[in-house]
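Geometric and topological summary
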Amino acid sequence: MVARRKTVAVRRKSRIPRAFRMGSLMFVVKEFPMAKLQKLIGSNYGAFLPESQAILIPEASGNITEDFREQIFYHELFHVLCWVTGSKDYGNEIIIDASGHALKQYMDTALFK
């Protein structure tokens, strides 16, 4: 019988960058209070703006936890990836959302040396 390892949640630093490069382009991540963000983009929690190469996400506060912010970031990151590669799935929210969730799960559970 193989013993199972117990997984323990550990609070860690944010994995949301201020900026990153994808391909030959530089992208910035801008954080706003939720009320201001919704004035800018409507009822969504985040947005990717190709014309300014920016991802907009909410600041952490109240019910916007760091985990939730990371999920929003990874969702928007997949929009960037699809846009940069010219993928027809750039606007496919089902694929984008599933990919963002998968990447977040990978980042949360990967074990490194």
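Structure's up top.
Here goes a summary of the coordinates provided.

Reading the values: the criteria
- Residues numbered from 1 in each chain as written.
- Predicted model: local features only at pLDDT ≥ 70, side-chain atom pairs only at ≥ 80, totals over all residues.
- Heavy atoms only, no water.
- Helix = DSSP H or I, 4+ residues; strand = E, 2+ residues; numbered from the N terminus.
- Buried < 20%, exposed > 50% of the residue type's maximum accessible area, 1.4 Å probe, protein only.
- Contact = heavy atoms within 4.5 Å.
- Pairing = 2+ DSSP bridges.
- Axes fitted to C-alpha atoms, helices over the stretch in contact; angles between N-to-C directions.
- Phe/Tyr/Trp six-rings, centres within 6.5 Å; stacked < 30°, edge-to-face > 60°.

Here's the deal with the side chain of Gln71
The residue Gln71 is located in helix H2 (residues 66-85) in this model. Looking at Gln71, the relative accessible area reads 12%, which means it is buried. Once you skip the residues sitting within four places of it in the chain, Gln71 turns out to touch Asp97, Gly100, His101 and Lys104.

Quick notes on the sheet that holds strand S2 (residues 25-32)
Reading across from one edge, S1-S2-S4-S3 is the order of the four strands in this open sheet, with mixed pairing throughout. Each edge of the open sheet is held by one strand with a lone partner, namely strand S1 (19-22) and strand S3 (47-49). Mean inter-strand twist for the sheet, computed between neighbouring axes without regard to direction, equals 25°. When S2 meets strand S4 (residues 54-58), the two strands line up parallel, connected through five bridges. Paired with Val28 across the strands is Ala54, a residue of S4. Helix-sheet contacts for helix H1 (residues 34-41) involve S2, S3 and S4, and the interaxial angle to S4 is about 135°.

Regarding the packing of aromatic side chains
A complete count under the given rule lists eight aromatic pairs for this structure. Here Phe48 and Tyr90 contribute two aromatic rings whose centre-to-centre distance is 6.3 Å and whose plane-to-plane angle is 80°, an arrangement assigned as edge-to-face. Placement of the pair is Phe48 in strand S3 and Tyr90 in the loop between H2 and helix H3 (93-109), with a sequence separation of 42 residues. We classify Phe48 as buried; its relative accessible area is 9%. Three or more aromatic residues link up through ring pairs in this structure, and these residues are Phe20, Phe27, Phe48, Phe73, Tyr74, Trp83 and Tyr90.

Any functional reading would require information that these geometric values do not contain.
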